[in-house]
Amino acid sequence: MKVHETRSQAHAAGDERKMTRKQKAETKSQDSASPKKAKTEEDNGQEGEESMVDIRAEFEKFCKALSEHLSIKQMREILEANGQYYSGDDDAVVPRCQDIMFYGPLDNCPICGGMLECSGDRYHCVGDYSEWSSCIYSTSEPPRREDTLRFPKSVESTPVSDLIKKRGDPKKNRPPRKYSAPKKPFDGMMISLAGRLTRTHQYWKSIIEKHGGKVNNSVIGVARVTCLVVSPAERDRGGSSKVAEAVERSIPVVREAWLSDSIEKEQAQPLAAYDIASDIAVEGRGIPLDKMDPSAEALETITADLKVFGKRGVHKDTKMQDEGARILEKDGLLYNCALSVCNQKNRINDFCIMQLIMSPENRLHMYCKKGRIGDSIRADNKLEEWENVDDAIKEFARLFEELTGNEFESWEREKKIQKKHHKFFPIDVDDGVEVRHGALGLRQLGSAAAHSKLDPMVANFMKVLCSQEIYRYALMELGHDSPEVPIGMLTDLHLKRCEETLLYFVEKVKSMKETGQAAEGVWYEFSQRWFTLMPSIRPFTFRDYTDLAEHAASAYETIRDVNFASRIIEDMSGSTLDDPLFERYKKLGCFVSPLEKDSDDYKMIVNYLEKTYEPIRVGDMSYGVSVENIFSVEVGACPSLDDIKKLPNKVLLWCGTRSSNLLRHLHKGFLPSVCSLPVSGYMFGRAVVCSDAAAEAARYGFTAIDRPEGFLVLAIASLGEEIKEFSSPPEDTKALEEKKIGVKGLGRKKTDEKEHFIWKDDITVPCGRLIPSEHKDSVLEYNEYAVYDPQQVSIRYLVAVKFDEQGVVYDTAEA
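All figures in this text were calculated on a predicted structure; none of them were measured in a lab. (Residues numbered from 1 in each chain as written. Predicted model: local features only at pLDDT ≥ 70, side-chain atom pairs only at ≥ 80, totals over all residues. Heavy atoms only, no water.)

1. So, unusual backbone geometry
- Phi is positive for Asp331, close to 55°, though the residue is something other than glycine.
- Tracing the backbone shows Asp331 in the loop between strand S11 (329-330) and strand S12 (333-334). (Helix = DSSP H or I, 4+ residues; strand = E, 2+ residues; numbered from the N terminus.)

Shown next, in the form of structure tokens:
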């Protein structure tokens, strides 16, 4: 222990000669006393440690005495008498009782007011934050009440009655219970990341550092790299150079689940159990989807048959659909419902499908399937025949009320529903056919285009938009692809409920004053609510605005557009000789025609794309872009070219979109963003957002490594007479929305204004090389333009592109 110098010890020898005898005597006294003081401080530290050791020893002795002389029933009675949590397993009751009797009764949770439970070295709240969510409050130093413990009569006659009464008195100076700081799961670890993971590298870097680890971009020259985290897709395509280097240096290469599992279990998991070499192809043989790697899950779900595809769809597992069975409809009620509940704290992410099915022979069956989303094999599956229809209906209503806490008839007739604690909530499925089931399958695609009276290029374009594949992929990428839940056939009411939930939470977070665990509780509650309304194979807890943008707002918009596509496409499982592509094309109410490749417009667009595009980086790989086709578009819901020409400040801009969203765009034009968030694409509020950089649009149009085709949209936007410029999120987007002021978000890169030109009808084309701007601190990488009136945006071109992997040399030599 370091001894602090006294004032006399710090003086120089010359100063000492000037001291009086009295000062010298005092100094001598202090000098002689200082070592004793230092010894006392050291002794105090040791005594403090010894005291804690003595307390722990006394506590262990106390616990042993209680265990020998008190029954589990008596311990429960003690907990109940003192307002403590007394439910649960017998093994959990013992440490709870021992804890409060030695250290004092626990106070209620400071966040939700629920009871606290002792669990090892931590104390957890067992209450509910709301009807949607459990409370996640957790601490090692819980609040305690200064109350005298109460004991039931059954305890008074036990041999330890005097001991526990003595401990039950708060005047006896109850000792504090202290623990050493918990070790973080990645303490002392250096972790490297590679390839396209389910979350961005920056996200994982922040999470790893938060949990004690460090991230290094390379595995070369860093001897102490613990492991390299990759997706199994890296191995399937041969592995990147970083993977090869790690293997050469005997550095474990593990899948991404190692990170999330280690964090969830608060302890680094064995690396060998997550070795990428043992995870080549899961093939879905009995393994739950949420336990698979994302790439293996993708293979499973994009080829899986949808079990329920709409309100009248008989569940595929009943084997009755092919027989011509139908959902029972009586007195205006359709007896088919899908239910969901998510509570990550309790490891609940369940679905339930209930149906009354009438066979062609008028034999009634009740079907009920209940289990974890993504784990269909282990779900409870029951199909029972009922002789009496009224009895079956009563049982159906009883089960619905048992699972949801609500009456089925009130829900089905009036959509009246109230979420109950720990209960399921209905997923309101619409009457129709979900696009993942009703759109064109692989075998129908070529035939449909071949028999269409549309221009061959337009027929092939419509073939893409009417294929099951793009909608399956879109939902798979979002994690909303469970074959059990028809997420692509929701009612407008359910989608509206999801939108209102999102908007309410966004406003709540923006004005939130809570911090620490109280703030975490707010985010957690929304997460459970969101993934109950929008069931996902991989629910998680939202942490920031980026999560909200990518996994709530953008996901909602995509699911909304997939639902729209379901209504346009409907059921195309019949003969393709009837030209189903032409029928769907007519329903869109738009005009699509291919541009000639030698036309001026085609050349202009290709030039605009090449100059304003930068390669997309996915992990270690970069992706360029090439133009496949360009289509001229006239959308009925958008202003015509003649109308847009009359408006001021017209600019030809890029818009990025998923292929699964295009049918909605072609029918209704662009809709404003669903909410305002301080991140790219949403920072200007409920607006149509475009960019002068194809690189920005490509981020949204890029699909995946194994699906290189996508679309970019070119639209003419009128920014109005007044244009406001921002390099950071505006504080008040509502004022911009109300006044419908054109907005330009200034990015860190801009197009070279020297190369801009005026196109026909006085339309500016900001076609110029991307160069650094003067706004180096902007939150945006590229310029963004926001328009608040959809009637000031007109979709003019669709550019079909292919994303090409750069820097790869393919060996074409024959074997």
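2. Looking at the side chain of Glu557
- Inspection of the secondary structure puts Glu557 in helix H21 (residues 545-569).
- One buried charged residue, Glu557, forms no salt bridge at all, with the nearest opposite charge on Arg560 at 5.1 Å. (Buried < 20%, exposed > 50% of the residue type's maximum accessible area, 1.4 Å probe, protein only. Lys, Arg positive; Asp, Glu negative; His and termini not counted. Salt bridge = Lys/Arg side-chain N within 4 Å of Asp/Glu carboxyl O.)

3. With respect to the side chain of Asp692
- Take Asp692: it is sitting in the loop between strand S22 (688-691) and helix H26 (694-701).
- One buried charge, Asp692, has no salt-bridge partner; the nearest side chain with opposite charge is Lys744, at 5.3 Å.
- Within the structure, the side chain of Asp692 is placed 3.2 Å from the side chain of Asn783, a separation counted as a polar contact.
- Once you skip the residues sitting within four places of it in the chain, Asp692 turns out to touch Tyr608, Thr612, Leu653, Trp654, Thr751, Pro766, Asn783 and Tyr785. (Polar contact = N/O pair within 3.5 Å; in protein donor to acceptor, adjacent residues only side chain to side chain. Contact = heavy atoms within 4.5 Å.)

4. Details of the pairing of strand S23 (residues 709-718)
- Taken across its ten residues, S23 has nine buried, putting it largely inside the fold.
- Looking at chain direction, S23 and strand S31 (residues 793-805) are connected through nine bridges and run antiparallel. In the strand pairing of S31, Gly710 is matched with Val801. (Pairing = 2+ DSSP bridges.)

5. Some details on the pairing of strand S25 (residues 742-745)
- Alternating residues of S25 divide into Gly742 and Lys744 and Val743 and Gly745, and every residue in both groups is buried.
- Crossover connection from strand S24 (residues 723-726) via helix H27 (residues 733-739) to parallel S25: handedness right-handed.
- Relative to strand S30 (residues 784-787), S25 runs antiparallel, the two sharing three bridges. Among the inter-strand pairings, Lys744 is bridged to a residue of S30, identified as Tyr785. (Right-handed = clockwise from strand over helix to strand, strands pointing away.)

6. Focus: the sheet that holds strand S9 (residues 253-255)
- Reading across the sheet, the four strands line up as S7-S6-S8-S9 and stay open at both edges, with parallel pairing between neighbours. The open sheet has two edge strands, strand S7 (214-215) and S9, and neither has a second partner.
- Of the pairings in the sheet, the one linking strand S6 (residues 190-193) to S7 comprises two bridges and is parallel in character. Each residue of the ladder has a partner; that of Met190, found in S7, is Lys214.
- Packed on one face of the sheet, helix H8 (residues 201-210) meets S6 and S7 and runs near 170° to S6. (Axes fitted to C-alpha atoms, helices over the stretch in contact; angles between N-to-C directions.)

7. Some words on the nonpolar core
- By size, the foremost hydrophobic cluster in this structure holds 146 residues, and its most contacted members are Leu502, Trp530, Leu548 and Trp654.
- When residues in this core are grouped by element, the largest group, twelve residues, is from H21.
- Counting contributing residues, this core receives three or more from each of domain 3 (437-586) and domain 4 (589-806).
- Leave out the neighbours within four places in its chain, and Leu548 touches Leu502, Phe505, Val506, Trp523, Phe526, Phe542, Ala553 and Leu677.
- Membership of the second largest hydrophobic core comes to 30 residues, among which are Ala65, Ile100, Cys118 and Tyr137. (Core = buried A, V, L, I, M, F, W, Y, C linked by side-chain atoms within 4.5 Å. Domains from an automatic or database assignment.)

8. Quick word on the sheet that holds strand S5 (residues 138-139)
- What the three strands build is an open sheet, ordered S1-S2-S5; its pairing is antiparallel. This sheet does not close on itself; its edge strands, each paired only once, are strand S1 (116-119) and S5.
- Where S1 lies against strand S2 (residues 122-125), four bridges are found, and the strand directions are antiparallel. Along S2, the bridge assignment pairs Ser119 with Arg122.
- Running over the sheet, helix H5 (residues 90-103) touches S1 and S2 and is turned about 105° from S1.

9. A closer look at the environment of Pro110
- Looking at the element boundaries, Pro110 is found in the loop between H5 and S1.
- A relative accessible area of 55% places Pro110 in the exposed class.
- Between the alpha carbons of Pro110 and Gln517 there is a distance of 9.8 Å; along the sequence they are 407 residues apart.
- If sequence neighbours within four positions are ignored, Pro110 has contacts with Tyr137 and Pro143.

10. Regarding helix H10 (residues 241-248)
- Looking at H10, one finds that the buried residues are Lys242, Val243 and Ala246. Looking straight down H10, one finds its buried side chains confined to an arc of 100°; they lie on one side. For H10, the exposed residues set more than 90 degrees away from the buried face come down to Ser241, Val247 and Glu248.
- Two residues or fewer after H10 comes Ser250, characterised by a positive phi angle close to 60°. (Arc of directions from axis to C-beta.)

11. Describing the pattern of salt bridges
- For the structure on display, the rule yields 45 salt bridges.
- One continuous salt-bridge network, built from bridges that share partners, spans Glu614, Glu696, Arg699, Lys749 and Glu781.

12. Some points on helix H18 (residues 468-478)
- The buried fraction of H18 is high, at nine of eleven residues.
- Among all positions in H18, only Gln468, Ile470, Tyr471, Arg472, Tyr473, Ala474, Leu475, Met476 and Leu478 are buried.
- Gly479 sits one or two positions beyond H18 and adopts a positive phi of about 80°.

13. Comments concerning the packing of H8 against helix H11 (residues 257-264)
- One way to put it is that H8 packs onto H11 with a least axis distance of 12 Å and a crossing angle of 35°. Here H8 and H11 pass one another in a crossing that is left-handed. Residues Trp204, Ile207 and Ile208 of H8 pack against Leu259, Ser260 and Ile263 of H11.
- Of the residues that constitute the contact of H8 with H11, the class distribution is five nonpolar, one polar and no charged. (Left-handed = near helix turned anticlockwise from the far one by under 90°. Nonpolar A, V, L, I, M, F, W, Y, C, P; charged D, E, K, R; others polar.)

14. As for the environment of Met366
- Along the chain, Met366 falls in strand S15 (residues 364-372).
- Put simply, Met366 and Met354 are twelve residues apart on the chain and 7.5 Å apart in space, counted from C-alpha to C-alpha.
- For Met366, the residues in contact, after removing those within four places along its chain, are Gln355, Leu356, Lys382, Leu383, Glu384, Trp386, Ala392, Glu395, Phe396 and Leu399.

15. As for the packing of aromatic side chains
- Here the structure, examined in full by the defined rule, presents 23 aromatic pairs.
- Relative to Phe408, the ring of Phe396 has its centre 5.0 Å away and its plane inclined at 75°; by these criteria the two rings are edge-to-face. One end of the pair, Phe396, is in helix H13 (residues 389-404); the other, Phe408, is in helix H14 (residues 408-414), with twelve residues separating them in the sequence.
- Phe396 sits in the buried class, given a relative accessible area of 0%.
- With 5.1 Å between their ring centres and 50° between their planes, Tyr608 and Trp654 make a pair best called tilted. Of the two residues, Tyr608 is situated in helix H23 (residues 600-611) and Trp654 in strand S21 (residues 650-656); the sequence distance between them amounts to 46 residues. Per residue, the accessibility class of Tyr608 equals that of Trp654, and both read buried. (Phe/Tyr/Trp six-rings, centres within 6.5 Å; stacked < 30°, edge-to-face > 60°.)

16. Overview of the packing of helix H20 (residues 516-533) against H21
- Direction vectors running N to C along H20 and H21 enclose 20°, while the axes themselves pass 13 Å from each other. The orientation of H20 relative to H21 falls into the category roughly parallel. Where H20 crosses over H21, the handedness of that crossing is left-handed. Counted together, Trp523, Phe526 and Trp530 of H20 and Tyr545, Leu548, His551, Ala552 and Tyr556 of H21 form the full contact between these two elements.
- Residues that form the contact of H20 with H21 fall into these classes: seven nonpolar, one polar and no charged. (Parallel < 35°, antiparallel > 145°, perpendicular 65-115°, else oblique.)

17. Examining the environment of Leu193
- Along the chain, Leu193 falls in strand S6.
- Taking the relative accessible area as the measure of exposure, Leu193 reaches 5% and is therefore buried.
- For the pair Leu193 and Val254, spaced 61 residues apart in the sequence, the C-alpha separation amounts to 9.8 Å.
- Ignoring any residue separated from it by four or fewer positions in sequence, one finds Leu193 in contact with His201, Trp204, Lys205, Ile208, Val215, Asn216, Leu228, Val229, Lys242 and Leu259.

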